[in-house]
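# Overview (structure and organization)
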Amino acid sequence: MVDKESLNTKVFISCIESINKFYVLRANEMKTIVQIQEQINYNWSRTGFLELENGADEDNSEEGKEVEAVDIKPGDLVVAKFQDKLFYRAKVLSVFVELDTSLTEVNMAEVLYIDYGNIGIVPITSTRTLPSSLLALPPLAIQCSLFDCLALGEATTTAFRGLVNKHCLLLEMMVRKEVLEVDLIREVRDNMGYTSVRDVLVLSGKAVFYSSPYTTIPNVEERKYKQLPSLMDGSVHTVMLSHLHKLSHHQLPQLSVQLLSDKDKLALQLPSLMDQMGEVYGVKRSEELWGLGRCWPGMVCAVRDSRDKMWYRGEVGSIVKGRMVRVKYVDFGNTELVPDHKLRRLFKDFMVLPAMATRVSMEVKVEGAEVMAMLKEGIDLVDLNMKIVKEGSEEVLPMVELKVEGNSVNNWLKQFVC
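Only a predicted model underlies this, so the values are computations on that prediction, with no experimental measurement involved.

## Details of the sheet that holds strand β7 (residues 127-129)
Strand pairs in the sheet, formed through backbone hydrogen bonds, run parallel or antiparallel to each other. Strands sit in the order β6-β5-β4-β3-β7 across an open sheet of 5 strands; the sheet is antiparallel. Of all strands in the sheet, those with a lone pairing partner are β6 (119-123) and β7, marking the two edges. Strand-to-strand twist in this sheet, taken as the mean axis angle between neighbours without regard to direction, amounts to 45 degrees. Where strand β5 (residues 105-112) and β6 come together, 5 bridges link them in antiparallel fashion. When the bridges of β6 are listed, V111 appears paired with G120.

Printed below as a string of structure tokens:
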């Protein structure tokens, strides 16, 4: 059984057979494996292995002694030579006899190198007894399988190797069985920070999710978030920017804000709600307990953000590809593409607060991303005075005028209009 420290930790890939059978080494065990190899190959080279290989007389010690064919059997732990001529800890899987080129019978063994995960065929004369000091140390290689992921051929394994080889990865345990079902998280250099190896394989068309996202299940509920009251024409509010949207084809800046001046101060209750969500959905086996068997547009959910690892309230917008889902973060207004295994059933206690993001538009045409970047820098993380210039409807966003410390943001934007 794998100990708890092996889970949700940094690892290196040591052996790959397929996405459904590979082995990992914990990063904090790398010094241990070096010490094992030094003990086997350096300390014994003078007194054990080299003397035996050079025909020297054996001493009375059992450690490092050549294994006789009659002594070895499946399940035994030994030291076995690898292709690099070094010896490694190994477990005997089977023993058999094969004929060499001169038709002489040679006793052979199939072994699993327990600290790496690869399998080899060696003559029994290339095995040695394992010292008792190394018998007590459990195997360092941990067998894993990518969770809920189906390969589409040899190209899947090739792509998988390219994504994980020589990289330090975060192992995220999804299902704990004899063989761990996991996702592997790789750090990337762009603004994403981290990305799921499993999701990359699916999005690139190299693999598919094993279970179908289109399996029909009974639709037992249609739940919706409560909505904030409509913003009346001429009303004035104190707000904070939660998301600046990409420039629309009308070139009118659109932004989502959180109201700060409502009498119930609802936005101030949001951090506490998110802390509660983190405690509930952050437990082990969270996906097994509250994962979504199927999702559909308009469905409410809890979603774990891949960047800050926090839980947010969301609403499914669309199924994009495979089991990738576009989700709106209803309290902030942004929309993100996430794998559906990061979604959870949203409990009714987390639906007491209305959706906190209000989307509005400014009636000033803006050209270019540079102006939008300056706009974001100017209004982010400050209290804004927002006046409703035109009341909105289901089809049309409210038009607003924004001020920062009495200065009109709308007028500031007009200086960039050609």
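After that view of the structure, there is still more to cover.
## Quick notes on the environment of F82
Along the chain, F82 falls in the loop between β3 (77-81) and β4 (87-99). The class of F82 is partly exposed, set by a relative accessible area of 28%. Sequence separation between F82 and Y113 is 31 residues, and the spatial gap between their C-alpha atoms is 8.9 Å. Discounting chain neighbours no more than four positions away, the residues touching F82 are Y88, Y113 and N118.

## Details of helix α4 (residues 154-164)
All buried positions along α4 are accounted for by T156, T157, F160, L163 and V164. Summarising the axial view, the buried residues of α4 lie within an arc of 125 degrees, below the 170-degree limit, and thus occupy one face. Among the exposed residues of α4, those pointing more than 90 degrees away from its buried face are E154, T158 and G162. Directly beyond the C-terminal end of α4, a positive phi value near 65 degrees is found at K166.

## Brief notes about helix α8 (residues 369-379)
Restricting attention to buried positions, one finds in α8 the residues V371, M372, L375 and I379. One face of α8 carries all of its buried residues, which in axial projection span an arc of 100 degrees. Across α8 from its buried face, at more than 90 degrees, point the exposed residues A369, E370 and E377. Against β14 (236-244), β15 (254-259), β22 (383-390), β23 (399-404) and α9 (409-414) lie the buried residues of α8. Directly after α8, the chain includes L381, whose backbone phi takes a positive value near 65 degrees.

## Focus on unusual backbone geometry
The backbone of K166 sits at a positive phi, close to 65 degrees, despite the residue not being glycine. As for its position among the elements, K166 is in the loop between α4 and β10 (169-175). Located in the positive-phi region is K265, a residue other than glycine, with phi close to 50 degrees. By secondary structure assignment, the location of K265 is in the loop between β15 and α6 (270-281). The class of K265 is partly exposed, set by a relative accessible area of 40%.

Definitions and limits used
Residues numbered from 1 in each chain as written. Predicted model: local features only at pLDDT ≥ 70, side-chain atom pairs only at ≥ 80, totals over all residues. Heavy atoms only, no water. Pairing = 2+ DSSP bridges. Helix = DSSP H or I, 4+ residues; strand = E, 2+ residues; numbered from the N terminus. Axes fitted to C-alpha atoms, helices over the stretch in contact; angles between N-to-C directions. Buried < 20%, exposed > 50% of the residue type's maximum accessible area, 1.4 Å probe, protein only. Contact = heavy atoms within 4.5 Å. Arc of directions from axis to C-beta.

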